[in-house]
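Spelled out, the chains give:
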Amino acid sequence: MTTATPRTLAEELRTRSDRGLAGLLRARPDLLNPVPGDLTQLATRAGTRASVVRAVERLDAFALQTAEALAVAPDPCPYGTLAALMTGDAGDEAVAAALPGAVAALRAQALVWGPDDRLRLVRTARELLTPSPTRPSPTGLGPTVAEAASGMSPGRLQDILAAAGLPATHDPVSAVAALTALFSDRARTTALLDTAPAEAVAVLDKLLWGPPYGAVTDRPAPHLQWLLDRGLLLPAGARNVVLPREAALHLRAGRAHRVPEPAPPALAPATARDPQLVDNAAASQAFTALATVEELLKEWDLGGPPVLRAGGLSVRDLKRTATALDTTEQLAALWLELAYAAGLIASDGEADERYAATPAAEDWLQLPDHERWATLVAAWLPATRTPGVVGTADAKGRALAALGPHLDRSPAPEVRHRVLTLLATLPPGTSVPESALLSRLRWERPLRAAAPAPQPPAPAPAAQVPGQAPSPAAAPDGPTGDLRSRLAQETLLEAELLGVTGRGALAAHGRALIGADRAAETVPGAATTPLTPAEAATAATRAAALLTPLLPEPLDHVLLQADLTAVAPGPLHRPLAEALGVLADIESKGGATVYRFTPASVRRALDSGRSAAELQEFLTTHSRTPVPQPLAYLIDDVARKHGQLRIGAATAYVRCDDDALLSEILADRRAAALRLRRLAPTVLATQSSPEQLLDGLRAMGYAPAAESAAGDVLVARADSYRTPPRTAPTPVPDGPPPPDRTLLEAAVRAIRAGDLAATAERKPATAPTDAPAPGALPRTTSAETLATMQAAVLTSSPVWIGYVNADGAASQRVIAPVRVEGGYVTAYDHTSDEVRTYPLHRITGVSELADDTL
């Protein structure tokens, strides 16, 4: 039974609606693992240090400031006292208007409980946020007079009272109370400070906004002695002093924070552009991203570089890949990690392990452009691997390698989704500076944006007494790192490169990708919830549909030119691009791709099994211009020589119907390294391998062709190298995943039912010795258990049972028996909200419930 005023957090949770409990579990999903047995367990778990730290880290700046104010306020704290700490004596309309929402956010996350006249910060949160010598408060406030004066002698306290003009007291407790009352009284403290020396006031000003600690010598200066004599500075160690909290609040005009932040920073200045231009720019970049990944797969078609022993790609291989992709090493790492996240490349797992394209890459290459883009961005959004840290040092000082270990950063998906969501709040085609987005993110998660390393107590340099050496340890000047800001900057770059944004603004297909039109339930203080896998798949499909009309249509033709080049004025159909890539070398890329025909490229096409006539027909079919005469001559000349020489295994031999040509080869000094000898007028032999012989003769300007043992020309069409089937890397989650509606509803029902079983009122036992201790399982004999169950079936009454399952775990439940037979009882279990069957031998005991329990 709960009272009108909750005495504990568990009692307050019992007064919450199911919606309120679901909001708590949604905001703090770590409380669900495993599902608490009842509300007492939920309250206990909500007060554990690990859970409270995670919840406090997810508070926005103003909610955190409110919690910090409660930590330095009396416990419990009336709402009026909290409002005075937040707004100060002069008042602040913006802060006063935002404060109820901040308190509601803290209540929703069970960090604050109690009515408005008795607000309580949970004990663990108070311990985290209350100022101490080893852990200064962000408010800059120090200990109270009572805390700072706890070790002072009674005589010293009486001296302070006398110097401050207060009457003497009979004990230290009343002396501390009198000094506290003095500093809490605005008028009396002002009158006292009016008599202070100017230098003393200057010292107080230096300590005012923190750190509140300062250093003094054994013989303080007169103005410092004046402060010490009146308790405005109290001892905090051998040579350190502290400004008590009550005096600091008076000097601050009652305000706990120097700069309250009731509202998030505005996303400004905004730059508006034509949304269609933004969409077109994003689509163009999306197509470039597809071409880059396709080029990467082509580069690794026959197998990629080896895997380092520690995992990942070597610096040299990363540079080589960047050169092949015509980009920087950092961007090459991005494309590598993107293809890896999409499952397009992986290690082959062989003894001499190396990277290669996966079988999934073959399927990906066959998809339409918009579906290929959807595959890439669907892998990018939830990925925790961050290519931005490639090249930086890990905790042991070793450089992090692309595709290697230790690249996961768990907050990346949440930051990525939040950045895109913020861009989606702007009108279509509108962008804002990067600094504005970073400021908003820091306001939303100030503790996660900056996490200074803990430092030992140290006097503030500004409050140091002239001539006194500074303490060896100084308070940190700023955060040691800002992971969220770095992740946000990488997100903006990656979104632009992938075509999710264009010119800094979110494109229409980018809005669809993150489900910007989704009507999500919002919980005060809860984190932005990314899409579930099913929602993400649907959103990616919708985004791809919006991108489709913006992508360029593939072309089926090129423009042949007299300088042995061909110009593709746009993207080509894949079969055409692959065939042309064999027949010619790519000379330049961009809006139009330029191919150059060379004797080597034509010979490569002939080696692939095509004849000169087939090449001429191919060019005639796919060129909008006539085949230039120089190109036709080039194909005919190479084809005339191609295969005239035949090479086989002798180790290797050369045969030719023209013995004069073989004599010419033997007479050529460049053939000396091949060690050729004539076996017959039309046959030469060598100890070199066929591959070495082919390369050597081609280097001399001939066009030999390899042949099989049957004398047929071998088609030199290289097979693609693929890894065995591989799965994409699994993201490393940043804590438990957010629960869906079904799980929340089931969890709330289970917690309610368990709480009913734990708190249900039992009928008194016939004998005092039979009554179980509070929280203990009921104990009855087998005969009593069976009789009580049979009676409950006849009267349809619920009962309370103790039950031990097959694993030996004991629990208590409230059930409504329906049938008892064969050593089993079938009953409706209020705890699990279902009909279940229990073996009677596993029931430790049974007790009837009070008539008005259910």
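Residues numbered from 1 in each chain as written. Predicted model: local features only at pLDDT ≥ 70, side-chain atom pairs only at ≥ 80, totals over all residues. Heavy atoms only, no water.

*Asks:* Would you take a moment to explain the overall build of the protein for this structure?
*Replies:* Within the protein one finds 34 helices and 25 strands. Per-residue burial over the protein gives 46% buried out of 854 residues. Contacts in the protein between residues at least 24 apart in sequence constitute 67% of all its contacts with a sequence separation of at least 6. Surface accessibility of the protein: about 40,400 Å² in total, with carbon and sulfur atoms responsible for 56%. (Helix = DSSP H or I, 4+ residues; strand = E, 2+ residues; numbered from the N terminus. Buried < 20%, exposed > 50% of the residue type's maximum accessible area, 1.4 Å probe, protein only. Contact = heavy atoms within 4.5 Å. Areas by Shrake-Rupley, 256 points an atom, 1.4 Å probe, with all protein chains shown as cover.)

*Asks:* Where do I start with a negative patch on the surface in this structure?
*Replies:* On the surface, a cluster of negative charge is made up of Asp 657, Asp 658, Asp 659 and Glu 664. Topologically, Asp 657 is positioned in the loop between strand E17 (652-655) and helix H31 (659-667). In this structure Asp 657 comes out as exposed when scored by relative accessible area, which is 74%. (Patch = residues over 30% accessible without salt bridge, like charges linked within 9 Å, V, L, I, M, F, W, Y side chains within 5 Å. Salt bridge = Lys/Arg side-chain N within 4 Å of Asp/Glu carboxyl O. Lys, Arg positive; Asp, Glu negative; His and termini not counted. Charge placed at Lys NZ, Arg CZ, Asp CG, Glu CD.)

*Asks:* Before we go on, may I ask you to explain helix H30 (residues 629-641) in this structure?
*Replies:* One full turn of an α-helix is made of 3.6 residues, so residues set three or four places apart face in the same direction. Between its terminal C-alpha atoms H30 stretches 19 Å, which fits the 18 Å expected from 13 residues at 1.5 Å a residue. Buried within H30 are the following residues: Leu 631, Ala 632, Leu 634, Ile 635 and Val 638. For H30, the angular spread of buried residues about the axis comes to 160°, placing them on one side. Set apart from the buried face of H30 by more than 90 degrees, the exposed residues are Gln 629 and Arg 640. Packed against the buried residues of H30 are strand E12 (559-561), helix H28 (599-607) and helix H29 (612-622). Phi turns positive one or two residues past the end of H30, at Gly 643, with a value near 85°. (Expected span 1.5 Å × (residues − 1). Arc of directions from axis to C-beta.)

*Asks:* Honestly, unusual backbone geometry in this entry has me stumped. Any pointers?
*Replies:* With glycine set apart, most residues show a phi of negative sign, and most peptide bonds adopt trans. Note that the residue after Asn 33, namely Pro 34, is joined by a cis bond; omega there is -5°. Inspection of the secondary structure puts Pro 34 in the loop between helix H2 (18-27) and helix H3 (39-46). The residue after Ala 268, namely Pro 269, is reached through a cis peptide bond having omega 0°. With respect to the helices and strands, the residue Pro 269 is situated in the loop between helix H15 (245-251) and strand E6 (271-272). Non-glycine residue Leu 564 carries a positive phi angle of around 65°. Looking at the element boundaries, Leu 564 is found in the loop between E12 and strand E13 (565-568). Classification of Leu 564 as partly exposed rests on a relative accessible area of 23%.

*Asks:* Is there a simple way to think about the nonpolar core in this case?
*Replies:* Considering soluble globular proteins, one finds that nonpolar side chains tend to be buried as a cluster. Counting 90 residues, the largest nonpolar core has Leu 25, Leu 42, Leu 82 and Leu 227 as the members making the most contacts within it. With nine residues, helix H5 (residues 61-72) is the single largest residue contributor to this core. Setting aside anything within four residues of it in sequence, one finds Leu 82 in contact with Thr 66, Ala 69, Leu 70, Cys 77, Leu 99, Val 103 and Leu 119. (Core = buried A, V, L, I, M, F, W, Y, C linked by side-chain atoms within 4.5 Å.)

*Asks:* Which parts of the structure should I look at to understand the sheet that holds strand E23 (residues 824-829)?
*Replies:* The strands that make up a sheet are held in pairs by hydrogen bonds between backbone atoms, and each pair lies either parallel or antiparallel. Read across the sheet, five strands follow the order E24-E23-E22-E21-E25 without closing on themselves; strand pairing throughout is antiparallel. In the strand order of this sheet, the two ends are held by strand E24 (834-839) and strand E25 (843-848), each with one partner. Between one strand axis and the next, the sheet turns through 45° on average, direction left out of account. Pairing of E23 with E24, which is carried by six bridges, proceeds in the antiparallel orientation. Along E24, the bridge assignment pairs Thr 826 with Thr 837. The sheet contacts of helix H33 (residues 741-759) involve strand E21 (799-804) and strand E22 (810-821), and relative to E22 the element is tilted by about 90°. (Pairing = 2+ DSSP bridges. Axes fitted to C-alpha atoms, helices over the stretch in contact; angles between N-to-C directions.)

*Asks:* Is there a simple way to think about the environment of Arg 19 in this case?
*Replies:* Structurally, Arg 19 can be placed in helix H2. Remark: the alpha-carbon pair of Arg 19 and Leu 744, spanning 725 residues in sequence, is separated by 9.5 Å.

*Asks:* Would you mind going over the pairing of E21 with me for this structure?
*Replies:* The side chains of a regular strand alternate, residue by residue, between the two faces of the sheet. In terms of residue burial, E21 counts as a mostly covered element, since five of its six residues are buried. Sheet topology note: the E21/E25 ladder contains five bridges and is antiparallel. Looking at E25, one finds that Trp 800 is bridged to Ser 847.

*Asks:* Explain the sheet that holds strand E5 (residues 240-242) to me, please; I cannot follow it from the model alone.
*Replies:* Ordered by their spatial adjacency, three strands build an open sheet running E3-E5-E4, and the pairing between neighbours is antiparallel. Unpaired on one side and paired on the other, strand E3 (213-215) and strand E4 (234-235) mark the two borders of the sheet.

*Asks:* Help me out: how do you make sense of the pairing of E13 in this one?
*Replies:* The alternating pattern of E13 places Thr 565 and Val 567 and Ala 566 and Ala 568 on opposite faces, both of which are buried. Across three bridges, the pairing between E12 and E13 is antiparallel. Residue pairing for E13: Leu 559 is matched across the bridge by Val 567. Counting the residues that bridge the hairpin from E12 to E13 gives three residues, and of these Leu 564 lies at a positive phi of roughly 65°. In this sheet, strand E15 (residues 593-596) lies alongside E13 in antiparallel orientation, the contact comprising four bridges.

*Asks:* It is not clear to me how the packing of H29 against H30 should be interpreted in this structure. Could you clarify?
*Replies:* Packed helices, taken two at a time, are described by the angle between their axes plus the distance between the axes. In contact at an axis separation of 9 Å, H29 and H30 are set at 160° when each is read in the N-to-C sense. Taken together, the axes of H29 and H30 lie roughly antiparallel to each other. Along this stretch, H29 crosses H30, giving a crossing that reads as right-handed. For the pair H29 and H30, contact is made by Ala 612, Leu 615, Gln 616 and Leu 619 and by Leu 631, Ala 632, Ile 635, Asp 636 and Ala 639, respectively. Taken together, the residues that form the contact of H29 with H30 break down as seven nonpolar, one polar and one charged. (Parallel < 35°, antiparallel > 145°, perpendicular 65-115°, else oblique. Left-handed = near helix turned anticlockwise from the far one by under 90°. Nonpolar A, V, L, I, M, F, W, Y, C, P; charged D, E, K, R; others polar.)

*Asks:* Looking at this structure, I do not really get the side chain of His 250. What am I missing?
*Replies:* By secondary structure assignment, the location of His 250 is in helix H15. Engagement of the side chain of His 250 in a polar contact is seen with the side chain of Thr 190, the distance being 3.4 Å. Those residues within four positions of His 250 in sequence are excluded, and the remaining contacts are Phe 183, Arg 186, Thr 189, Thr 190 and Leu 193. (Polar contact = N/O pair within 3.5 Å; in protein donor to acceptor, adjacent residues only side chain to side chain.)

*Asks:* Looking at this structure, I do not really get the environment of Leu 662. What am I missing?
*Replies:* Secondary-structure assignment places Leu 662 in helix H31. Taking C-alpha positions, Leu 662 is 8.5 Å from Arg 678, a pair spaced 16 residues apart along the chain. Ignoring any residue separated from it by four or fewer positions in sequence, one finds Leu 662 in contact with Leu 645, Val 654, Cys 656, Arg 678, Pro 681, Thr 682, Val 683 and Leu 684.

*Asks:* Is there a simple way to think about the pattern of salt bridges in this case?
*Replies:* Side chains bearing opposite charge may pair, as long as their charged atoms lie close to each other. Enumeration according to the criterion identifies 31 salt bridges in this entry. Among the salt bridges present, the one from Arg 107 reaches Asp 116, with a minimum N-O distance of 3.0 Å. Residue classification places Arg 107 among the partly exposed positions, given a relative accessible area of 21%. Classification of Asp 116 by relative accessible area gives partly exposed; the value is 42%. Sharing partners across several salt bridges, the network here consists of Asp 75, Arg 120 and Arg 126.

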